[in-house]
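Chain and residue survey
Here is how the chains run, residue by residue.
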Amino acid sequence: MSVWKPVDCHAHTTCSDGSLEMSELVARVSARGVRPGVADHVSRDVAYSVKSIEAARKYVEELESHPVARGAEFCWHDSLWRELPDELLGRLTHRIGSLHGIVLPGGGALHLWSRTLPGGLSSARYMDCHIENIERIAAEMPVDILAHPTLVALPLRDRPAEELWTEAHEERTVHALAAAGIAFELSNRYPPHERLVQRAHAAGLRFSLGSDGHTPEEVGVLDAPLALARAVGVDDVALFDPWRDARRR
């Protein structure tokens, strides 16, 4: 009988902005008792990312030459994910959607690493926009996982999550992901608050584990996400497994 091992569904290599070659990532993650997965950035908006259809094809070919879960991380606010052919996307084991920028009412976008909020955009209104964008991701984006669901704009990251996120925000997020069958990432880099995780578990959402690692010290590190899953009552074997659970191929 095989021993269960967690899967790092979200880690980065030199194919985008990581510091490890793919073979190095495989060795480092495997040494930690974790099954390796790669989900490099496929977006024109991220530095050192996969930025074209042809580059995406070469990236998938590279994935296929290594014993990894073959993923890709797509930026919601960037259009490249809409342009990739189904044939190419079907060669991935899983697809990850990320909210690295939100589309604002009336047009325009706010990148989540902007140091200031646009004039007139209060934290409460920002959160309303943030949740509206999550709902649009769930309705429009053909992904299996929502990465770091609680990552918000830089000026708000020092706010306690339980204060920034109202229960109504949490309910809307959970409902959108549940309706779309999208897994909720328990991120080691941007950990979600437990109240939201408990709500997601009560609604029957599946959880994925992701280091969001970019360096040798980060990839495959899943202790905190795994402990959080267990704390809310998620069985190890119920965690998202790209080879078993991805639906959009």
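Below is a summary of the structure that appears in this document.

Criteria and cut-off values
Per chain, residues are indexed from 1 in the order of the written sequence. Two thresholds apply to this predicted model, a pLDDT of at least 70 for residue-level local features and 80 or more for giving and counting side-chain atom pairs, whereas whole-chain, interface and lining totals are computed over all residues. As a rule here, side-chain values cover all heavy atoms of the structure and leave hydrogens and water aside. When a residue's accessible area, from a 1.4 Å probe over protein chains only, is under 20% of the maximum for its type it is buried; when over 50% it is exposed; and in between it is partly exposed. Secondary structure is summarised from DSSP: a helix means a run of H or I of at least four residues, a strand means a run of E of at least two, and numbering begins at the N terminus for each. A pair of strands is treated as paired once DSSP finds two or more bridges between them. In this analysis, two residues are considered to be in contact whenever any of their non-hydrogen atoms come within 4.5 Å of each other. Each axis is a line fitted through C-alpha atoms, and for a helix only the stretch in contact is used; angles between axes span 0 to 180 degrees, taken between their N-to-C directions.

Of all 5 residues making up strand β4 (residues 94-98), 5 are buried, and the element is well covered by its neighbours. What you see with β4 is no split at all: His94, Ile96 and Ser98 on one side and Arg95 and Gly97 on the other are buried throughout. In this sheet, β4 lies alongside strand β3 (residues 69-75) in parallel orientation, the contact comprising 5 bridges. Note on β4: the bridge partner recorded for cysteine 75 is serine 98. Two strands pair when backbone bridges link them, and β4 and strand β7 (residues 145-146) are joined in this way by 2 bridges, in the parallel orientation. Paired with isoleucine 96 across the strands is isoleucine 145, a residue of β7.

Taking strand neighbours across the sheet as the criterion, the 7 strands line up as β1-β2-β3-β4-β7-β8-β9 in an open arrangement whose pairing is parallel. One side of each edge strand has no neighbouring strand; the edge strands of this open sheet are β1 (7-8) and β9 (207-210). Summarising the sheet, strand β8 (residues 183-187) and β9 pair through 4 bridges and their orientation is parallel. Residue pairing for β9: phenylalanine 184 is matched across the bridge by phenylalanine 207. In the packing of helix α9 (residues 223-231) onto the sheet, contacts are made with β8 and β9, and the angle to β8 comes to roughly 125 degrees.

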